Amino acid sequence: MNDLLAALRKDLLLQWRGRAQLIAIFAFGAAALLLFSFAIGPDSQSLRQHAAGFLWLGLLLASTLSLAESFEREMEEQALEGLLLLPASARALYYGKAIANWGHLTLLGVALVPVMVVLYDAGTLRLLSLFCVILLGTAGLSAPGTLYAAMTSQTRGRQTLLPLLLFPLVVPVLLAAVKATSLLILGDPMGQFRPWISLLVVFAVLHWSLGGLLFGRVVED
Amino acid sequence: MPRSSARPVALIALGVAFLFAGSFWGLAKAPAELFMGDVQRIMYVHVPTAWNAMLALSFSFVCAVSYLLTNKWKWDSRLEAGMEMGVVLSLLLCMQGAIWAKPTWGVWWDWDPRLTTTAVMVFAFGGILALRAFVDDPERRAVWSSVACILAFVDVPIVYFSVKWWNSLHQAQSTPQTVSSAFHWPLRINAFGILFLWTGLVALRTRVAAARLRSELAPPLPPPGATASASGGAL
Amino acid sequence: MIAVAAGGLCRRYGRRWALIEVTFDLFEGSLAMVTGRNGSGKSTLLRVLATAIRADQGSLEIFGHDARAERDAVREQTALLGHRTHLYEPLTALENLAVAARFVGGDRRRAALLARLEEVGLGDRGDDLVQTFSAGMRQRLALARVLQQRPRLVLLDEPYGHLDPPGFLLVDRFLQRLRQEGATVLMATHLVQRGRDICDRGLVLEAGRLVYAGPVGEMPAPLAADATPFAEGA
């Protein structure tokens, strides 16, 4: 759809302009990973054991910053409304934003992997599979996250509301992504990787569909 | 203006009565379970609470969908009441689970999939109630909480399965939700007791929500022609 | 043809009715102004006509399309210059125009967009970020963005707002051009005298109600709170 490409172009351009933010958010994520290791202690054995969990927790926390930021620019001068009035399809605007956010989060995830490798001595040779997990996990975060960010960017207390609404919803993503990543790092003798990936796919498909359906109601009067 | 509270209050009274009857039967009269002893008796409250929590949340989901389809305010008031009740019942469920787990497993929380899903739901729907508190415009509040409710409810089975898989790799235990047939009656009585109780409470709470809405929205306009205004005509 | 057919429009914000039973017709090609005190409902009326918000009651047809059932059709032919500029601060002026142009299928080439900026006096600021613009410059850019849509119905909310005297003349020129092109314009403004000189029709709102709709010559002057006529700016 023409509208979708136009929306995607707009969102990628906005992200490119705000790329300094990406670096700051990455720093935040890396700092979080560092704090986790301080909280656990220098026991390299248990750090390695829980590395996947730390990675995804750090990514989840950083995602709230990234998602909230994605709608700042839309709301400060009501630019989103301006597009809707052109008219632009609300669905296209949603998917454009969600895809751009997905890319943003994937970049963050990939950037945090070396931090994880270094801090927790937790790496894997199955890099393609790891990239797959990151891709699917961030897809699951981006779809509902974009929808909720659109809502909360128009309310008071937006900084607390977005994580409050998003975190319980994405529990399955956290569980599945952490498990899948863990299996890649620590080994997967019983071949449990596939089911977790399937769960991530199901979650992503469900929420990308729902988001597209409901976004119009959320942003229109 | 307020309709008579007779029916909801009657429901509540009926509910309490049923609860008393069912609990008395389950706690005092029914024989203790073979392996777990008296602790098992919490099932007479726990299982009915579980059924009703799910019912309350399902009711909220129906209200959310109805509001989005019809845009009628009554569904928003019911949604508010239903979600609150769902959160309360789920919270009770978690507390009951903890009370049962401590003497049985020695820990307050045993990551049982059903209970863990319930805990996640407490946060999910509690978050939506928080959202409602932060949005002043009644229409936006109604639309947004309906959307959030749909997302949260649809998520329930996924959360359940993911926790189940996640937990199954670690422990093989499960909360004994099976109750042998001799014990079914107290269970059913309590289930209906809680059902009547929460239905009556939700009915009352809906009225409170509707009254608040009335105060937030402008009163309906006087019929046209009440004041002279020079409207009309082509420009 | 009738451009706007409004019947009994009502709209509330919380406890207050911002529009009450507003009924009027606007013929295609006319240049109309709507005036009234602050809070009288001018902006709300324009936003309802633009389908940015829905009326709680009443009917609205724009060029024969029902505003509720055929909202996209209405939006295709309508453009709103509102209180918020609808601009992206981190993007340049040219990029803002390009973003809008992509959605409406307009000419996106740099030359064409630059020409639009020239028209509003921003020809040399095309590659500057909007966040460096003054309020007046933002308004000019917003105006360019609106005109780019080639709308049949143009809704302007205080177009003279932040502009300097050359900017006033700019708006006047655009209004004339729109009239020549056969577009319909509804403009909310406090500058009653200026509006009278340019427009042919007038609407007066008071506390959400339409108290006058007709030729601009016979339009009553809006009164200040103490019932003395306004003095107005340039």
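Residues numbered from 1 in each chain as written. Chains lettered and ligands numbered in written order. Predicted model: local features only at pLDDT ≥ 70, side-chain atom pairs only at ≥ 80, totals over all residues.

Engineer: Is there a simple way to explain the overall build of chain B in this structure?
Structural biologist: Helix and strand content of chain B: 6 helices and 0 strands. Reading chain B from its N terminus to its C terminus gives the helix and strand order α-α-α-α-α-α. Within the span of chain B, comprising 235 residues, buried residues form 42% of the whole. If you take every contact in chain B between residues at least 6 apart in sequence, the share linking residues at least 24 apart comes to 79%. (Helix = DSSP H or I, 4+ residues; strand = E, 2+ residues; numbered from the N terminus. Buried ≥ 20, exposed ≤ 12 C-beta atoms within 10 Å, placed from the backbone. Contact = placed C-beta atoms within 7 Å.)

Engineer: I would appreciate a short explanation of the overall build of chain C in the present structure.
Structural biologist: On a plain count of helices and strands, chain C comes out with 7 helices and 10 strands. A globule of 234 residues ought to have a C-alpha radius of gyration of about 17 Å, and chain C, at 18 Å, matches this closely. In terms of overall dimensions, chain C has a C-alpha envelope of 45 × 40 × 35 Å along the principal axes. A burial count over chain C gives 49% of its 234 residues as buried. In chain C, 67% of the contacts between residues at least 6 apart in sequence involve partners at least 24 apart. (Rg over C-alpha atoms; globule rule 2.2 N^0.38 Å.)

Engineer: Which parts of the structure should I look at to understand unusual backbone geometry?
Structural biologist: Most of the time, phi is negative for any residue but glycine, and the peptide bond is trans. The omega torsion across L86(A) and P87(A) is 10°, close enough to zero to call that bond cis. Topologically, P87(A) is positioned in the loop between α4 (79–84) and α5 (90–120). One non-glycine residue, N71(B), lies in positive phi territory at about 60°. Structurally, N71(B) is set in the loop between α2 (43–70) and α3 (73–105). Look at N71(B) and you get exposed, because 12 C-beta atoms sit within 10 Å. Of note, the phi angle at W111(B) is positive, near 60°, even though the residue is not glycine. For W111(B), the position within the fold is in the loop between α3 and α4 (113–134).

Engineer: Would you explain the interface of chain C and chain A in this entry?
Structural biologist: Think of interface size as the accessible area that goes away when the parts come together; that is how it is often given. Every contact between the two is made by 23 residues of chain C and, on the other side, 21 residues of chain A. Of the residues forming the side of chain C that touches chain A, the biggest block, 6 residues, is contributed by helix α3 (residues 93–104) of chain C. Per-class residue counts for the side of chain C that touches chain A are 12 nonpolar, 3 polar and 8 charged. (Nonpolar A, V, L, I, M, F, W, Y, C, P; charged D, E, K, R; others polar.)

Engineer: Where do I start with the nonpolar core in this structure?
Structural biologist: Inside soluble globular proteins, nonpolar side chains tend to come together where they are buried. Ranked by internal contacts, the top residues of the largest apolar core, which has 211 residues, are V218(A) and L155(C). Per-element accounting of this core gives the leading share, 14 residues, to α5(A). For L155(C), the residues in contact, after removing those within four places along its chain, are L46(C), L49(C), A50(C), T78(C), A79(C), L80(C), L81(C) and L186(C). (Core = buried A, V, L, I, M, F, W, Y, C linked by C-beta atoms within 7 Å.)

Engineer: Could you clarify how one ought to interpret α3(B) in this entry?
Structural biologist: Because each turn of an α-helix spans 3.6 residues, side chains separated by three or four positions end up pointing in the same direction. Its 33 residues give α3(B) an end-to-end C-alpha distance of 47 Å, which sits within 8% of 48 Å, the value for a rise of 1.5 Å per residue. G106(B) occupies a position one or two residues after α3(B) and carries a positive phi of about 85°. (Expected span 1.5 Å × (residues − 1).)

Engineer: Help me understand helix α6 (residues 165–181) of chain C in this model?
Structural biologist: Residues and elements named next belong to chain C. Compared with an ideal rise of 1.5 Å per residue, which puts 17 residues at 24 Å, α6 spans 25 Å between its outermost C-alpha atoms and is within 8% of the ideal. Against the buried residues of α6 lie β3 (31–35), α5 (135–148), β8 (184–188) and α7 (192–198). Just past α6, the residue G182 takes up positive phi, approximately 85°.

Engineer: Mind showing me how you'd approach the sheet that holds strand β2 (residues 16–27) of chain C here?
Structural biologist: The strands making up a sheet are joined through hydrogen bonds of the backbone, oriented either antiparallel or parallel. Residue and element names in this part refer to chain C. Read from one edge of the open sheet, 4 strands run β2-β1-β4-β5, paired in antiparallel fashion. One side of each edge strand has no neighbouring strand; the edge strands of this open sheet are β2 and β5 (65–66). Across 2 bridges, strand β4 (residues 57–62) lies against β5 in antiparallel orientation. From the neighbouring strand, I62 faces β5, where its bridge partner is H65. Sheet strands in contact with helix α1 (residues 42–49) are β1 (2–13), β2 and β4, and its direction is about 60° off that of β2. (Pairing = 2+ DSSP bridges. Axes fitted to C-alpha atoms, helices over the stretch in contact; angles between N-to-C directions.)

Engineer: What is the right way to read the pairing of strand β10 (residues 209–215) of chain C from this model?
Structural biologist: Looking along a regular strand, one sees the side chains alternate between the two faces of the sheet. All names here are of chain C. Here 6 bridges tie strand β9 (residues 201–206) to β10, and the two strands are oriented antiparallel to one another. The residue bridging G202 from the neighbouring strand is G214, located in β10. Hairpin connection from β9 to β10: 2 residues lie between these consecutive antiparallel strands, with A207 at a positive phi of about 50°.

Engineer: Help me out: how do you make sense of the pairing of β9(C) in this one?
Structural biologist: All names here are of chain C. The element β9 is largely enclosed, with a buried count of 5 among its 6 residues. As defined by bridge partners, β3 adjoins β9 across 4 bridges and the pair is classed as parallel. Looking at the pairing, T35 lines up with V204 of β9.

Engineer: I tried to follow the environment of W100(B) on my own but got confused; where do I start?
Structural biologist: Residue and element names in this part refer to chain B. Of note, W100 is situated in helix α3. W100 sits in the buried class, given 22 other C-beta atoms within 10 Å. Sequence-distant contacts of W100, that is, excluding residues within four places in its chain, are made with V39, I42 and H46.

Engineer: Just checking my understanding: could you explain the packing of α3(B) against α4(B) for this structure?
Structural biologist: Between two packed helices, what matters for the description is the angle formed by their axes and the separation of those axes. All names here are of chain B. At a minimum axis separation of 9 Å, α3 and α4 run at an interaxial angle of 145°. The interaxial crossing formed by α3 with α4 has left-handed handedness. Facing E80, M83, E84, G86, V87, S90, L91, L93, C94 and G97 of α3, the residues of α4 in contact are L115, T118, A119, M121, V122, F125, G126, I128, L129 and R132. By residue class, the composition of the contact of α3 with α4 is 12 nonpolar, 5 polar and 3 charged. (Left-handed = near helix turned anticlockwise from the far one by under 90°.)

Engineer: Would you mind going over the sheet that holds strand β7 (residues 153–157) of chain C with me for this structure?
Structural biologist: All names here are of chain C. Read from one edge to the other, the open sheet built from 6 strands follows the order β6-β7-β8-β3-β9-β10, with strand pairing classed as mixed. Every other strand in the sheet has two partners, leaving β6 (78–81) and β10 as the edge strands with one partner each. Across this sheet, the average inter-strand angle for adjacent strands is 15°, counted without regard to direction.

Engineer: Explanation requested: the packing of helix α3 (residues 44–75) of chain A against α5(A) in the structure shown.
Structural biologist: Residue and element names in this part refer to chain A. Where α3 meets α5, the axes come as close as 9 Å, and the angle between the chain directions of the two elements is 145°. Remark: the crossing between α3 and α5 carries right-handed chirality. Side by side, α3 and α5 meet where L47, R48, A51, F54, L55, G58, L59, A62, S63, S66, L67 and S70 of the first sit next to K97, N101, H104, L105, L108, G109, L112, M116 and Y120 of the second. Across the contact of α3 with α5, the residue classes tally to 12 nonpolar, 7 polar and 2 charged.

Engineer: Explain the confidence of the model for chain B to me, please; I cannot follow it from the model alone.
Structural biologist: Do not read the fine detail of predicted coordinates wherever pLDDT is low. All names here are of chain B. Mean pLDDT over chain B works out to 83, with 82% of the residues at or above the 70 mark. Averaged over each element, pLDDT in chain B is lowest for helix α1 (residues 6–29) (77) and highest for α4 (94). In the predicted structure, residues 226–233 sits below a pLDDT of 50 and forms 18 contacts with residues beyond four places in sequence or in another chain. (pLDDT = per-residue confidence, 0-100.)

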